Amino acid sequence: MKTILNSSIIVLFFSLTACSQTPAPAVKNPTASSKEDWKKVLTPEQYAVTCEGSTERAFTGKYWNNHEDGMYKCVRCGYQLFSSETKYDSGSGWPSFYDVVPGSKVSKSTDNEIGYPRTEVKCAKCGAHLGHVFEDGPNPTGLRYCINSAALDFEKK
Ligand code: FE
C-alpha cells in the first residue's frame with residue numbers, strides 16, 4: 001500500500017511538472033500523432049518545416065524582424081520555447097535566439113542534409129523540427145538558435 005501511495009505521488013509530481021511547462025492555448029491538435037494528422041491542421045509551410053525538416057527562405061518568415069516582447073511557442077503543441085529576451089539580430093534572416101526558455105527543453109541531433117554536420121533542433125515535447133543551433137552566437141551562451149518562423153507561434157506579452 002505504501003509503495004502504491006509513493007508511486008502515485010511521484011506520478012502526480014511529474015504530471016504537474018509537465019503541465020506547468022505546457023500552456024493550454026495555441027495547441028493545433030493535441031491528438032495528432034502522425035504526419036497525416038498534422039497535414040490536416042497545419043499550413044503547407046508549417047507542415048513542410050515541422051514535419052519534413054525544410055527551411056523557409058531567409059528574410060521571408062513573419063518573426064525574423066519581430067521586436068515585440070513576448071513568448072515564442074511551438075506552432076504544433078504550444079510548448080514555450082524561446083523568449084523575446086534572448087532574441088537578437090543575427091543578420092541571418094531567421095529568428096535567432098541565444099538560449100531556450102528556462103525550464104523548457106529542445107532535443108538536438110546531428111544532420112548531414114547539406115553535406116556537412118549541423119545540429120538540428122526539435123521541440124522536446126512533440127518532435128517538431130524547429131531549425132538548427134550553431135556555436136557562433138553572442139554571450140552568455142555563445143549559441144545561435146536559428147529557428148524557422150513557420151515552426152513558431154508568437155504570444156505578445
Ligand atoms: Fe511542439
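Conventions we followed
Per chain, the residues get numbers from 1 upward, laid out in the order the sequence is written. Where local features are concerned, this predicted model is filtered to residues with pLDDT of at least 70; where side-chain atom pairs are given and counted, the filter is 80 or more; whole-chain, interface and lining totals use all residues. Computation of side-chain values: all heavy atoms of the structure, hydrogens and water removed. Paired strands are those between which DSSP finds at least two bridges. Runs of H or I in DSSP of at least four residues are treated as helices and runs of E of at least two as strands, each being numbered from the N terminus. The donor set covers N, O and S atoms within 2.8 Å of the metal, switching to 3.2 Å for Na, K and Ca, and it leaves out water, so a site may look short of donors. Tetrahedral means four donors with every angle between 85 and 135 degrees, whereas square planar (four donors) and octahedral (six donors) require angles over 155 degrees between opposite donors and between 65 and 115 for all others; sites fitting neither are termed irregular. Partly exposed describes any residue whose relative accessible area lies between the buried limit of under 20% and the exposed limit of over 50%, with all areas from a 1.4 Å probe on protein chains only and scaled to the type maximum. For every residue, the pLDDT score states the predictor's confidence, bounded by 0 at the bottom and 100 at the top. The contact criterion used is simple: two residues touch if any of their non-hydrogen atoms lie within 4.5 Å. In plain words, nonpolar cores are sets of buried Ala, Val, Leu, Ile, Met, Phe, Trp, Tyr and Cys residues tied together by side-chain atoms within 4.5 Å. Here, axes are lines fitted to C-alpha atoms. For helices the fit covers the stretch in contact, and angles between N-to-C directions go from 0 to 180 degrees. Aromatic contacts are taken between Phe, Tyr and Trp rings whose centres are within 6.5 Å, Trp giving its six-membered ring; a plane angle under 30 degrees counts as stacked, one over 60 as edge-to-face, and the others as tilted. Working rule: Lys NZ or Arg CZ, within 6 Å of ring centre, within 35 degrees of ring normal, means a charge sits over the ring.

1. Examining the sheet that holds strand β8 (residues 144-147)
Alright, step 1. Strand order in the open sheet made by the six strands is β3-β4-β8-β7-β6-β5, with antiparallel pairing throughout. Two strands in the sheet have a free side with no partner beyond their single neighbour: β3 (87-88) and β5 (106-111).
Alright, step 2. Pairing analysis gives four bridges linking strand β7 (residues 129-134) to β8, with the strands arranged antiparallel. Of the residues in β8, the one forming a bridge with Val-133 is Tyr-145.

2. Some words on the coordination of the iron ion
Each pair of donors in an ideal four-coordinate tetrahedral metal site encloses 109.5 degrees, whereas pairs in an ideal six-coordinate octahedral site enclose 90 or 180 degrees.
Alright, step 1. At the metal site, the iron ion is ligated by Cys-74 (SG), Cys-77 (SG), Cys-123 (SG) and Cys-126 (SG), and these contacts range over 2.3 to 2.4 Å.
Alright, step 2. Considering all four donor atoms around the iron ion, angles at the metal cover 102 to 115° and the coordination shape is tetrahedral.
Alright, step 3. Looking at Cys-77, the relative accessible area reads 12%, which means it is buried.

3. Remarks on the confidence of the model for the chain
Alright, step 1. Taken residue by residue, the chain gives an average pLDDT of 85. The fraction at 70 or more is 80%.
Alright, step 2. Within the model, pLDDT remains below 50 along residues 1-26, and this stretch shows 17 contacts once partners closer than five positions in the same chain are excluded.

4. What about the pairing of β5?
Alright, step 1. As judged from the six bridges shared by β5 and strand β6 (residues 118-123), these two strands associate in the antiparallel manner. Residue pairing in the sheet places Asp-111 in a bridge with Arg-118 of β6.
Alright, step 2. Taking the residues between adjacent antiparallel strands as the criterion, β5 and β6 are bridged by six residues, where Gly-115 takes a positive phi near 95°.

5. A closer look at the nonpolar core
Alright, step 1. In this structure, Leu-81, Phe-82, Leu-130, Tyr-145 and Leu-152 are the most contacted members of the largest nonpolar core, which totals 22 residues.
Alright, step 2. Elements with a contribution of two residues or more to this core: β1 (70-74), β2 (80-83), β6, β7, β8 and β9 (152-156).
Alright, step 3. Apart from the residues within four sequence positions on either side, Phe-82 is in contact with Met-71, Tyr-72, Phe-97, Asp-99, Val-100, Val-101, Tyr-145, Ile-147 and Leu-152.

6. Topic: helix α3 (residues 44-52)
Alright, step 1. Regarding α3, the residues found buried are Gln-46, Tyr-47, Val-49, Thr-50 and Cys-51.
Alright, step 2. On the buried face of α3, the contacting elements are α2 (35-41) and β7.
Alright, step 3. Immediately downstream of α3, the backbone of Gly-53 shows phi near 75°, a positive value.

7. What to know about the sheet that holds β9
Alright, step 1. One open sheet holds the three strands; their spatial order is β2-β1-β9, and the pairing between them is antiparallel. The open sheet is flanked by β2 and β9, the only strands paired with a single partner. Adjacent strand axes in the sheet meet at a mean angle of 30°, parallel and antiparallel pairs treated alike.
Alright, step 2. Sheet analysis places β1 next to β9, joined by five bridges and oriented antiparallel. Paired with Tyr-72 across the bridge in β9 is Phe-154.

8. Describing the packing of aromatic side chains
Alright, step 1. According to the stated counting rule, one finds seven aromatic pairs in the structure shown.
Alright, step 2. Between Phe-59 and Trp-64, the ring centres sit 4.9 Å apart and the planes meet at 85°, which makes this aromatic pair edge-to-face.
Alright, step 3. Judged by its relative accessible area of 46%, Phe-59 falls in the partly exposed class.
Alright, step 4. On the accessibility criterion, Trp-64 (27% relative accessible area) is partly exposed.
Alright, step 5. An angle of 80° between the planes, with centres 5.5 Å apart, marks the rings of Tyr-63 and Tyr-72 as edge-to-face. Like Tyr-63, the residue Tyr-72 is buried in the burial classification.
Alright, step 6. Taken together, the ring pairs connect Tyr-63, Tyr-72, Phe-82, Phe-97, Tyr-145 and Phe-154 into an aromatic cluster.
Alright, step 7. Here the basic side chain of Lys-125 rests over the ring of Tyr-79, its NZ or CZ set 5.6 Å away from the ring centre.

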